[in-house]
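Okay, here's what each chain looks like letter by letter:
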Amino acid sequence: METGLNSGNEFTGRDSVQHAPVTVEYKRVLFRALRYWYLVVLSLLICITSAFLYNRYAVRIYPVTSSIIIRESEERTDARLLYKDNPLANPYRNFFNEPYILKSYPLIQGVIEDLNFHVVIQKEGNIKITEQYRTLPISVKVVSPDDVVPASFIFEVIDENTFACLDLEEKAADRNTFNFGDTINCKSNTLVVKKEGDVSRIRGDRYIVNILNPERVASSYIARLKVDWALQGASVVDLSINGPIPSKEIDFLTKLIENYQEYDLNKKNQAAERSIRFIDGQLNVIGDSLAFFERQLQRFKKQNVLTDLSDETVRLYQEIEQLEKQKVDLQVSESYYQYLEKYLQEGRDMDQVILPSSIGVSDPVLNDLIIKLINVQSELKIQKPLPEGIRNPLVESNQRMITQAKGSIVESLNNLRGTDKIKRKFLQQQIDRIDRELGGLPEAERMLVNIRRNYSLNENIYIFLMQKRAEAGISYAAKTSDILIVNPPRLAGNAITPKVVQNYLIFGSVGLLLPFIIFYLFELLNNKVQSKEDIERLTSVPFIGALGHKSIDGNLVILEKPKSSLAESFRALRSNLNYFTEGKDHKVFIITSSLSGEGKTFTTINLAMVFALSGKRTVIIGADMRRPKIFNDFGLNNDVGLSNYLSGIAPMDSIIQKTGQANLDLISSGPVPPNPSELILNARMDELMVKLRTMYDFVLIDTPPIALITDGFVLTRYADHTIFLIRQNYTPKTMLNSIEEFYRTGKLRNISLLLNDIKTNGIGYGYGYGYGYGYGYGYGYGYQEYYEEPENGSAVSGRIRNFFGRKK
């Protein structure tokens, strides 16, 4: 089917042009997509199918959440005002550290080992492998989690009492059988496999048992566990974790909270336990002294008749007893100071130290400094050690805080000792005064007072220590964890991944966009002229019209299909040329192009026939003396032609050949000369053009491509108008820049552009001039002919000879 786009009077002249190195005609992209709609549909179907398969077989991830409340300790209320509204310095509990403690490696790894999460049993399906969590009537446990060697093996139940283990690569004949409940060694791990139900239902089924490193499993859970405060300033902590098996994640959070409560309770009980041990040691020493003075008092009573004291002696005794009690308190404090000083000098962990409040030392500053030091050292313990050479800023910060806290404790001890020294000196002065008064009493009374005084002193110390031991015991027995469950672990909704609707939307969008992206890239990477819009965008040279695609074998479209749309395009071209050459007689037109193969010969022949059919005397000059071929379309020869005339070998009359079409003659190129460019510059060319202007109404010159040969530029001096051909999807866009330069510099004058070989039924360019090419004529790149003519002439030439009534 022939197509022709009659441009009518469609020629333009523009003063300015937008030059862009890379341009994309989005309409062509759209129409290409419409042309290949089935590719878009196919892409969409493929992507939707991919989304369906992904949603069906992707691992579903479920959210599990819980929340706990961390109560503030109710102990040691006397020092709270020192740290009011300052959580970073809170000596009781640094709440900012609790999320980190919850995600600490020791705590999480303990949960993993308690729940046996480092042993994973899987079953291989047709498409994917699924984990079997608490769905099987068996359990596999590692005897010593500290000595785990990562490994995998196949497990198979043989009968009610035995099972088999074999390597993944081993054959069934090489398997080892064991009894349920026995301790076995498999893959360098000591395991115990127990029955927890009816194993007959899984007899013969094969499962993959994976023994994992507990620390790596803990790392995985730490990465997935989220710990956040519910509200700023609140003591409620939200715990959440996502996983493929909701029941497994619920068990994990449940056990995590239990272990966290146990950790908190153990931390509290440690202080009471240390206080009881310290007090018991002191009681042993004081008990011996108390027993000694009690025996001494009994001997005195046996040896002396005196049993009652005078009123004055009783007064002095009671007064000195009160002073001795105060001295006892100072003595207990000094004993604790010595213990604490020795503890610090030995560099032992402060999490084992006895708190001063537990033995009656009520100084709030010292008490709070020790608690703060204990908290920092506890945090330091739960931090996972990094490889050698890698610094941990948090560890370094805690170590600096420990050093500062120890220095503050030593300074506080010195201050307390200084204060106690003053108190002790004052008490001793009072005791010495009373001793002097007692010196005036009878000797027996003085001895009895001294014995009672020593006995009472040790008795008071003993009673005081017993009281503190009872308090520590009560505290130990009454300790409860400050961690309370607000919301128990539960499934918090449906699967969060895969997001079915979102995946369909994403895959569907990709399915729609992918073809457009490909079409866009085709357009972006295509550097050939596609339409009139490309020409108008890249050059200001007037546009004279367009020619459709030729579907016949030969070039004589005007004669073979005079009513075709392509033939009408040539008639429209003839009309448009009148606008450029109006008022001139005996016109000369040059048909040229930038490259060979753009349709110069085809256009020259048919335009000449249009002029001839209108009754105008027309002659065609084949000026391409390097590749002569225009004579073939008329069935003529090239024995004598332009080269002969310019060389002076033949007269003008001998080179003019009749084509068989009325009013149309042809001057072929003639034999190929060695110097075509020099011949064109010959004065005989001027003479020839003068004579032809007088003999013919129209002279059409078919020239070589000007981008390759300079002959075309030389011949333009004879032209009234130059038609520059551009072939759709053939001529590079860069050539338009060259044409624009020729036009603006005046190298080519009286020029217009003609778009050739337009297809409306191409791959997506039906909105304008189309896309494609496919006629077999003209030059290829490098002046190679499109086809080789047989020795006896081409079939096309034979048809032309018959058409003109010549012999075949």
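Our subject is the structure that appears above.
Residues numbered from 1 in each chain as written. Predicted model: local features only at pLDDT ≥ 70, side-chain atom pairs only at ≥ 80, totals over all residues. Heavy atoms only, no water.

A.B. asks: Would you take a moment to explain the overall build of the chain for this structure?
C.D. replies: Summing up its helical and strand segments, the chain has 22 helices and 21 strands in all. Classification of the 808 residues of the chain by burial places 48% in the buried group. Intrachain contacts of the chain at a sequence separation of at least 6 include 79% that bridge at least 24 residues. For the chain, the exposed area adds up to about 39800 Å²; of that, 52% sits on carbon and sulfur atoms. (Helix = DSSP H or I, 4+ residues; strand = E, 2+ residues; numbered from the N terminus. Buried < 20%, exposed > 50% of the residue type's maximum accessible area, 1.4 Å probe, protein only. Contact = heavy atoms within 4.5 Å. Areas by Shrake-Rupley, 256 points an atom, 1.4 Å probe, with all protein chains shown as cover.)

A.B. asks: Looking at this structure, I do not really get the pattern of salt bridges. What am I missing?
C.D. replies: When charged atoms on two side chains of opposite charge get close, those side chains can pair. All chains considered together, the criterion is met by 21 salt bridges. Across the salt bridge formed by Glu536 and Lys532, the nearest N and O atoms sit 3.4 Å from each other. Of this pair, Glu536 and Lys532 both sit in helix H12 (residues 532-538), separated by 4 residues, roughly a single helical turn. Under the relative-accessibility criterion, Lys532 is labelled buried at 11%. Between Asp697 and Arg617 there is a salt bridge, with the nearest N and O atoms lying 3.7 Å from each other. Residue Asp697 is located in the loop between helix H19 (683-695) and strand S19 (698-702), and its partner Arg617 is located in the loop between helix H15 (600-613) and strand S16 (618-622); the two are separated by 80 residues in the primary sequence. Assessed through its relative accessible area of 18%, Asp697 is described here as buried. Residue classification places Arg617 among the partly exposed positions, given a relative accessible area of 36%. The network of salt bridges with common partners includes Arg28, Glu523, Asp534 and Arg537. (Salt bridge = Lys/Arg side-chain N within 4 Å of Asp/Glu carboxyl O.)

A.B. asks: What's the story with the sheet that holds strand S10 (residues 206-211) in this structure? I'm lost.
C.D. replies: By definition, the strands of a sheet pair up through backbone hydrogen bonds, in either a parallel or an antiparallel sense. If you walk across this open sheet you meet the 6 strands as S3-S2-S10-S5-S6-S7, and the pairing is antiparallel. Each having just a single partner strand, strand S3 (129-131) and strand S7 (176-179) make up the two edges of the open sheet. Pairwise comparison of adjacent strand axes, ignoring direction, gives a mean angle of 35° for this sheet. Across 4 bridges, the pairing between strand S6 (residues 162-166) and S7 is antiparallel. (Pairing = 2+ DSSP bridges. Axes fitted to C-alpha atoms, helices over the stretch in contact; angles between N-to-C directions.)

A.B. asks: Honestly, helix H4 (residues 105-115) in this entry has me stumped. Any pointers?
C.D. replies: In an α-helix, one turn spans 3.6 residues; hence positions three or four apart end up facing the same way. Taken together, the buried positions of H4 are occupied by Leu107, Ile108, Gly110, Val111, Ile112 and Leu115. Asn116 sits one or two residues past H4 and shows a positive phi near 65°.

A.B. asks: What's the story with helix H1 (residues 26-35) in this structure? I'm lost.
C.D. replies: Within the span of H1, buried status applies to Arg28, Val29, Arg32 and Ala33. Down the axis of H1, the smallest arc covering the buried residues is 140°, so these residues share one side. In H1, the exposed residues that point more than 90 degrees away from the buried face are Lys27 and Leu34. The elements touched by buried residues of H1 are helix H2 (37-57), helix H11 (500-525), H12 and helix H21 (733-745). (Arc of directions from axis to C-beta.)

A.B. asks: Explain the sheet that holds strand S9 (residues 189-195) to me, please; I cannot follow it from the model alone.
C.D. replies: Taking strand neighbours across the sheet as the criterion, the 3 strands line up as S4-S9-S8 in an open arrangement whose pairing is antiparallel. Edge positions in the sheet fall to strand S4 (138-142) and strand S8 (183-186), since each of these pairs with one other strand and no more. Along the sheet, successive strands turn relative to each other by an average axial angle of 35°, direction set aside. Bridging between S4 and S9 involves 5 bridges; their strand directions are antiparallel. When the bridges of S9 are listed, Ser139 appears paired with Lys194.

A.B. asks: Hey, could you run me through unusual backbone geometry in this one?
C.D. replies: Both trends apply: most residues other than glycine have a negative phi, and most peptide bonds are in trans. In the segment running from Thr497 into Pro498, the intervening peptide bond is cis, with an omega of 0°. Of note in the backbone geometry, Asn729 takes a positive phi value of approximately 60° without being a glycine. Examined against the element boundaries, Asn729 turns out to sit in the loop between strand S20 (721-727) and H21. What makes Asn729 buried here is its relative accessible area of 13%. Backbone geometry at Asn750 places phi at a positive 50°, although glycine is not the residue there.

A.B. asks: Can you walk me through the packing of H1 against H11 in this structure?
C.D. replies: Axis angle and axis distance: for two packed helices, these are the angle between their axes and the distance between the axes, and together they describe the pair. Look at H1 against H11: their axes get within 9 Å of each other, and the N-to-C directions meet at 130°. The angle between H1 and H11 places the two elements in the oblique class. The hand of the H1/H11 crossing is right-handed. Counting all contacts with H1, which are made through Tyr26, Arg28, Val29, Leu30, Arg32 and Ala33, the residues of H11 involved are Phe516, Phe519, Tyr520, Phe522 and Glu523. When grouped by side-chain class, the residues that make up the contact of H1 with H11 number 8 nonpolar, no polar and 3 charged. (Parallel < 35°, antiparallel > 145°, perpendicular 65-115°, else oblique. Left-handed = near helix turned anticlockwise from the far one by under 90°. Nonpolar A, V, L, I, M, F, W, Y, C, P; charged D, E, K, R; others polar.)

A.B. asks: How do you make sense of the packing of aromatic side chains when you look at a structure like this?
C.D. replies: Centre-to-centre distance and the angle between the planes together describe a pair of aromatic rings. Summed over the entire model, instances satisfying the criterion amount to 16 aromatic pairs. Ring plane angle 15° and centroid distance 5.9 Å describe the contact between Phe589 and Phe698, whose orientation is recorded as stacked. With a gap of 109 residues between them, Phe589 in strand S15 (residues 587-593) and Phe698 in strand S19 connect regions that are remote in the sequence. Of the two residues examined, Phe589 and Phe698, each falls in the buried class. Feature note: the residues Phe117, Tyr133, Tyr221 and Phe252 constitute an aromatic cluster, connected by ring pairs. Positioned above the aromatic ring of Tyr221, the side-chain terminus of Arg224 is 4.4 Å from the ring centre. In this arrangement the basic side chain of Arg727 is found over the ring face of Tyr730, its NZ or CZ atom lying 4.8 Å from the centre. (Phe/Tyr/Trp six-rings, centres within 6.5 Å; stacked < 30°, edge-to-face > 60°. Lys NZ or Arg CZ within 6 Å of the ring centre and 35° of its normal.)

A.B. asks: Is there a simple way to explain the environment of Ser333 in this structure?
C.D. replies: Relative to the elements of secondary structure, Ser333 occurs in helix H7 (residues 311-345). As a C-alpha pair, Ser333 and Arg417 span 84 residues in sequence and 8.9 Å in three-dimensional space. Sequence-distant contacts of Ser333, defined by excluding residues within four places in its chain, comprise Val361 and Asp420.

A.B. asks: Before we go on, may I ask you to explain a nonpolar patch on the surface in this structure?
C.D. replies: Residues Trp37, Tyr38, Leu39, Val41, Leu42, Leu45 and Ile46 make up a contiguous nonpolar surface patch of roughly 690 Å² in combined accessible area. Here Leu42 shows up in helix H2. For Leu42, a relative accessible area of 46% gives the class partly exposed. (Patch = residues over 30% accessible without salt bridge, like charges linked within 9 Å, V, L, I, M, F, W, Y side chains within 5 Å.)

A.B. asks: What am I meant to see in the pairing of S19 here?
C.D. replies: A regular strand places its side chains on the two faces of the sheet in alternate fashion. When you tally the buried positions in S19, you get 5 out of 5 residues, the bulk of the element. Covered by surrounding structure in S19 are Phe698, Leu700 and Asp702 together with Val699 and Ile701, the residues of both alternating faces. Pairing of S15 with S19 involves 5 bridges; the strand directions are parallel. By the bridge assignment for S19, Val588 is matched with Val699. Taken together, the 5 bridges between S16 and S19 define a ladder with parallel strand orientation. Each bridged residue has a counterpart across the sheet, and for Val619 the counterpart in S19 is Val699.

A.B. asks: Would you mind showing me how to read the nonpolar core here?
C.D. replies: Across soluble globular proteins, nonpolar side chains show a tendency to be buried alongside one another. Counting residues in each nonpolar core, the largest one holds 34 residues, and the members touching the most others are Phe570, Leu577, Leu607, Met609, Phe634 and Leu700. Elements represented by at least two residues in this core include exactly strand S14 (543-548), helix H13 (557-560), helix H14 (565-580), S15, H15, strand S18 (664-667), S19 and S20. Considering every element that reaches this core, the biggest residue donor is H15, with 8 residues. If we ignore the near neighbours within four places in the chain, the residues touching Leu577 are Ile544, Phe589, Leu607, Phe611, His721 and Ile723. In this structure, Val217, Val237, Leu239 and Ile257 belong to the second largest nonpolar core, which totals 29 residues. (Core = buried A, V, L, I, M, F, W, Y, C linked by side-chain atoms within 4.5 Å.)

A.B. asks: Before we go on, may I ask you to explain the environment of Lys406 in this structure?
C.D. replies: Here Lys406 shows up in helix H9 (residues 393-438). When the C-alpha atoms of Lys406 and Leu344 are compared, they prove to be 7.5 Å apart, with 62 residues separating the residues in sequence. Apart from the residues within four sequence positions on either side, Lys406 is in contact with Leu344, Leu373 and Gln377.

A.B. asks: Which parts of the structure should I look at to understand the packing of H1 against H2?
C.D. replies: Where H1 contacts H2, the axes come no closer than 4 Å and their chain directions differ by 80°. Between H1 and H2, the crossing angle belongs to the class labelled roughly perpendicular. Here Ala33, Leu34 and Arg35 of H1 come into contact with H2, specifically with Trp37, Tyr38 and Val40. Of the residues belonging to the contact of H1 with H2, the class tally is 5 nonpolar, no polar and 1 charged.

Scope: geometric values only; no functional claims are made or implied.
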